[in-house]
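# Per-entry structural report
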Amino acid sequence: MKRLLNVLAERNVRSTRGLAALLLASICTFAFAQPALKPGELIQCEPVAQKPEARCTFMLSGGAAASSVSVSLQQQAVKSTFTPYPAQGQSTAVLMLVDISDPRRAKAVASAATLIKQVLAQKQPHHSIAIAQFDSALTLSADFGADEATQQAALTAMVPKGYATELYKSSLEAIALLKKTSSTRRALIIFSDGKAEDKGYRHEDVMREALAAQVMIFTVGYPESPAETPYLQTLERLAKESGGLHRVASTTDKSLPEDTAAQMLGFATQGGTVTFGYGERIGEHAIELKLKLVEGGELVLPTTLSLPDNRPTSKKVTDHLKSYAALYVGGVGLLLVLLAILLWRRKRRQVEEPAVITYAMLEELSGQGITHRLQKQANRIGRAADNDVCLQNNSVSAYHAEINVRRDGSLVLIDLGSSNGTYLNDQKISSETVEFGTVMELGEVRLRLRRPD
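Since we're looking at a predicted model, the values are computed, not measured. (Residues numbered from 1 in each chain as written. Predicted model: local features only at pLDDT ≥ 70, side-chain atom pairs only at ≥ 80, totals over all residues. Heavy atoms only, no water.)

## Details of the overall build of the chain
A tally of helices and strands in the chain yields nine helices and 25 strands. The buried share among the 453 residues of the chain stands at 43%. Looking at the chain alone, contacts between residues at least 24 apart form 64% of all its contacts between residues at least 6 apart. When the accessible surface of the chain is totalled, it reaches about 24,600 Å², and 51% of it is carbon and sulfur. (Helix = DSSP H or I, 4+ residues; strand = E, 2+ residues; numbered from the N terminus. Buried < 20%, exposed > 50% of the residue type's maximum accessible area, 1.4 Å probe, protein only. Contact = heavy atoms within 4.5 Å. Areas by Shrake-Rupley, 256 points an atom, 1.4 Å probe, with all protein chains shown as cover.)

This is the structure in structure tokens:
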């Protein structure tokens, strides 16, 4: 069963494309949630290559048979053709897998052998049945296509042993054997107490392979006592999640309902194939198969189908623009509004924020090319970090001197009571007008005053 949901969305949508992806993701989440099938139902749909058609194959268990089928695609009826199973050239492969891992389970193994004989008696020409047993490993006792004598001998020789129960590993090996067959349908029937001592294999491994190989699993549970009934949940999950059925034997005489043998072949026999056209539809779509049953009543099988996009590129572009015209127009309008707001804010910021003016440059004559911009009316110089010009030299006081800009643009150097004094042309000063090109000394640091350009 194909369950595909492609969700294209981002947590923060910053563009029109991101917004469209988010909307599509929301719609898909609600529209294409895969409905659950009941136990005993299996449906798989796929598009037909090079045609605007799709094909759905379905299997039913419990002896139910469909007399006719109608198809609804996205809740709209479409014309369809139903071919009951088995059609000409179709066949069913069934593998009977019996747990022989515990010598105490002799009655259960004998009951399973009796049940398999009943199934073999109901075999039809399109059935191919194999028999295998497992404990710590799987042993194929009678291969597909074996004659009746070989099958009966395999059942007679089936004796429980005292080895570990590797249920999941053996189930995977059984599915691999079924996958090698050329049969149209494949079924695995497991007879076990549900105990699994596997260490390297899990339930998820079996289900992945079963669904990939389209194998429906029918399980028959044989608890040795009521206290061991919870172990059967392992078998019930395998059956339920693969579309099969689960049956439980009596803990005393190991008996099962009379119709069990008929159901074992029925769940791999009933059903058929439905073919229908989907026109120009593309993408993920919900499908419903409405079955009218031979015995009366109706049955609905829901699923989803991903339809390919075979349109030429020019039509894809045209259809896309038509579908999302309103969204694109709205997106472009939103972008224009945002652009207008951005330009308005930039213009307002330029008006509110005065331009930064550099009145002069102060160059350190240390050979390292360090230059400081004087951009205030009062520029304080010193060793402390909060000065406008910070000089990293111990001979400079924390707040050593200050250069002020007068209204006429002239510059004044003022000593702030420094320890080592402020000098111009080797003369200690307290306040003095300075010209561009003048060299001043603050402690051991020599600075040249330069024009801003």
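## Quick look at the confidence of the model for the chain
Averaged over all residues, the pLDDT of the chain equals 86, while 89% of them reach at least 70. Taken element by element, the chain is modelled with least confidence in helix α1 (residues 16-31), mean pLDDT 36, and with most confidence in helix α4 (residues 167-180), mean pLDDT 97. Here residues 1-34 scores under 50 on pLDDT; set against residues more than four positions off or in separate chains, the count is 44 contacts. (pLDDT = per-residue confidence, 0-100.)

## Thoughts on the sheet that holds strand β11 (residues 246-248)
Here six strands make up an open sheet; going across it, the order is β8-β7-β6-β9-β10-β11 and the pairing mixed. Edge positions in the sheet fall to β8 (138-142) and β11, since each has one partner strand and no second. Each strand axis lies, on average, 20 degrees off the axis of its neighbour in the sheet, ignoring direction. Two strands pair when backbone bridges link them, and strand β9 (residues 185-192) and strand β10 (residues 215-221) are joined in this way by seven bridges, in the parallel orientation. Bridge assignment links leucine 188 to a residue of β10, and that residue is isoleucine 217. Of the strands in this sheet, β7 (127-134) and β8 are in contact with helix α3 (residues 148-156), which crosses β8 at around 135 degrees. Set on the sheet, helix α6 (residues 233-242) makes contact with β9, β10 and β11; between it and β10 the angle comes to about 150 degrees. (Pairing = 2+ DSSP bridges. Axes fitted to C-alpha atoms, helices over the stretch in contact; angles between N-to-C directions.)

## Thoughts on the pattern of salt bridges
If charged atoms from side chains of opposite charge come close, those side chains can pair. By the definition in use, this model includes 14 salt bridges. With a shortest N-O distance of 3.9 Å, arginine 208 and glutamate 209 are connected by a salt bridge. The partly exposed category is assigned to glutamate 209, whose relative accessible area is 31%. In this structure, lysine 315 engages aspartate 319 in a salt bridge whose closest nitrogen and oxygen atoms are separated by 3.6 Å. (Salt bridge = Lys/Arg side-chain N within 4 Å of Asp/Glu carboxyl O.)

## Some words on the nonpolar core
One finds Met96, Val98, Ile116, Phe191, Tyr222 and Met264 to be the most contacted residues of the largest nonpolar core, which totals 31 residues. Those elements giving two or more residues to this core turn out to be β6 (92-99), α2 (106-121), β7, α3, β9, β10 and α7 (260-266). For this core, the leading source of residues is α2, giving eight residues. Sequence-distant contacts of valine 98, that is, excluding residues within four places in its chain, are made with Val109, Ala112, Ile116, Ala132, Gln133, Phe134, Met158 and Phe191. (Core = buried A, V, L, I, M, F, W, Y, C linked by side-chain atoms within 4.5 Å.)

## Some details on the state of the cysteines
Evaluated as defined, the whole model comprises one disulfide. Across the disulfide from cysteine 45 sits cysteine 56; the S-S distance is 2.0 Å. With the S-S dihedral at roughly 115 degrees, the linkage between cysteine 45 and cysteine 56 falls on the right-handed side. Of this pair, cysteine 45 sits in strand β1 (residues 41-47) while cysteine 56 sits in strand β2 (residues 53-60); the two residues are 11 residues apart in sequence, bridging distant segments of the chain. The class for cysteine 45 is buried, based on a relative accessible area of 2%. (Disulfide = S-S within 2.5 Å.)

## Looking at the pairing of strand β20 (residues 411-415)
Judged by how many residues are buried, β20 sits mostly within the fold: four of five residues are covered. Relative to β20, strand β19 (residues 401-405) runs antiparallel, the two sharing five bridges. Bridging from a neighbouring strand, alanine 401 pairs with aspartate 415 of β20. As judged from the four bridges shared by β20 and strand β23 (residues 431-434), these two strands associate in the antiparallel manner. The residue of β23 that forms the bridge with isoleucine 414 is serine 431.

## Comments concerning α6
Among the residues of α6, Thr234, Leu235, Leu238, Ala239 and Ser242 are the ones counted as buried. Around the axis of α6, the buried residues are gathered within 130 degrees of arc, so they sit on the same side. Along α6, exposed side chains directed more than 90 degrees from the buried face belong to Gln233 and Lys240. Against β1, α4, β9, α5 (203-212), β10 and β11 lie the buried residues of α6. A positive backbone phi angle near 95 degrees is found at glycine 243, which sits one or two residues after α6. (Arc of directions from axis to C-beta.)

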